[in-house]
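# Examining the three-dimensional arrangement
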Amino acid sequence: MNESLINPFSITHPTAVQTSLYALALFARFDPSGRFVAGGRADGSAVVWDLETRSPIRTLDGHVKTVTSIDWSRNSRYLLTASKDWNAIVWDLASDCDPIQRHTTIRFDAPVVSASFHPRNSKIVLVLLSTGEPYIADLRKEHRSRVELCEVQEESDEEGAAVPSRPRSAMTVARFDPLGSHVFVGTSAGTILVFNTRTKTMVARHKITGAGAIKGLEFAKSGRRLVTNSSDRTIRQFNLPQYAPPNQEREYLEQELEPTQRFNDPISKTAWHAVSYSPDGEWLAGGAADPAAHKIYIWDMSNDGQFASALDGGREPLTHLHWHPKKSCIASTTNQGNILIWHCPHPERWGAFAGGFEEVDENIVYEEKEDEFDIEDEEVIAERKRKGEEIEVDVEGGVDEEMEVSAGANGAAGKLDEDAAWADEEPDDDVGRWKIKIVMTDEYT
């Protein structure tokens, strides 16, 4: 069968705006299923839109200051919002309450810059404060804790004595890797710190020459590639090494990372607000911080990172973008609060739907074959069915996505390590079968 029919995403990248949602949002993110998109607002609320009906279905009012980040749990049941009011709130979208009530509130001692769920368990939350400290908050009963991730500050000289190290750098961005085994933290000094999620110890420190402060980190779905957005207005892509498990001596890898590709705007030297990989990792989108236009740049990662296209979304500057988790679609947010949904329009090509089917410009006279409509003997039909039933069919098919990510991140195909087993202890209620209560409002009508 035609490959484009099996996987329509493999055709190309988004090229046109399909719809615009007036959400008053500062940023927006798709949920893992791709059906919903959630946006955070300056008034402290968050809104959930249903992309099938293009209508807001939930408004979450829980913060008193600007929402700074939004994250979805792996099956979209829980939504995590962070705010400048020093709180991170977990919302249960399966709740029947209207308005929906807070499920869990985590309070800190400073404004929260970002908060995200562990990829395997929504009871484990990674939080970054405006004061530059990242925390892992574990809400499970047997593991309840709040631990700060601290950079190793001592080094040994040639005689083995501890000597003062470099001054501590402010941490500017923190992200789980796709498997959740490690936390990657970018600093204002142009370094990336890697921590083991289970032990909270530093396992690596990577220096990026010339990068300046790290503003953003994004992973390809496989977990093998990392892209950084830094203050020198350059996007860099790296191939990540394998990290050894923590040991009692707390040794860590000190290694400078060399980018495999660099991306920038050679003409206007524009900075970048956000970057996002496509689900298959073959495309990379960068949202330009252009003060007079809404620009999205697309690079073809399967073709050595060559520039593919520049999308123009009008005169409202871009503030954020996020790629759809399953198809060729991007959600970009304007400074006026509109969420633009980009898609890839395809002309109808009926000739691709069946072998031997051809498109014609004019009607043609069909000539019937002599034996085309002859009645076939029942014994011949039965024999053909019997042979067809003997063919073995792989009903499972494919590769377990989670195991594939694990193999890519750790190099251990088909085997879950103790970090994943630790995260699976006391699992959450984020199961696949749940329903969201649709509550339509007239706020936008």
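Residues numbered from 1 in each chain as written. Predicted model: local features only at pLDDT ≥ 70, side-chain atom pairs only at ≥ 80, totals over all residues. Heavy atoms only, no water.

## Concerning the UniProt feature "repeat: WD" (unreviewed entry) in the protein
This chain's UniProt record puts "repeat: WD" (unreviewed entry) on residues 30–59 and 60–95. Along residues 60–95, the helical share is 0% and the strand share 56%, with 12 Å between the first and last C-alpha atoms. (UniProt positions renumbered as here; feature names shortened; annotations may be inferred. Helix = DSSP H or I, 4+ residues; strand = E, 2+ residues; numbered from the N terminus.)

## Examining the sheet that holds strand β2 (residues 27–30)
The 4 strands are arranged β2-β3-β4-β5 in an open sheet whose pairing can be described as antiparallel. Each of the sheet's edge strands pairs with one partner strand only, and the pair in question is β2 and β5 (55–61). Each strand axis lies, on average, 20° off the axis of its neighbour in the sheet, ignoring direction. Across 6 bridges, the pairing between strand β4 (residues 45–50) and β5 is antiparallel. Bridge pairing links Val 47 to Thr 59 in β5. (Pairing = 2+ DSSP bridges. Axes fitted to C-alpha atoms, helices over the stretch in contact; angles between N-to-C directions.)

## Concerning the environment of Ala 213
The topology assignment puts Ala 213 in the loop between β19 (202–207) and β20 (214–219). As a C-alpha pair, Ala 213 and Ser 188 span 25 residues in sequence and 3.9 Å in three-dimensional space. Those residues in contact with Ala 213 that sit more than four places away from it in its chain are Thr 187, Ser 188, Asn 229, Ser 230 and Ser 231. (Contact = heavy atoms within 4.5 Å.)

## Some thoughts on the pattern of salt bridges
Tallied over the full model, the rule gives 14 salt bridges. Here Asp 428 makes a salt bridge to Arg 74, at a shortest N to O gap of 3.1 Å. Residue Asp 428 is located in the segment after α4 (418–424), and its partner Arg 74 is located in the loop between β6 (67–72) and β7 (78–83); the two are separated by 354 residues in the primary sequence. Overall, Arg 74 belongs to the partly exposed group, its relative accessible area being 35%. Among the ionic pairs, Glu 426 bridges to Lys 123, the shortest N-O distance being 3.8 Å. Separated by 303 residues along the polypeptide, Glu 426 in the segment after α4 and Lys 123 in the loop between β10 (112–117) and β11 (124–129) bring together distant segments of the chain. We classify Glu 426 as partly exposed; its relative accessible area is 25%. (Salt bridge = Lys/Arg side-chain N within 4 Å of Asp/Glu carboxyl O. Buried < 20%, exposed > 50% of the residue type's maximum accessible area, 1.4 Å probe, protein only.)

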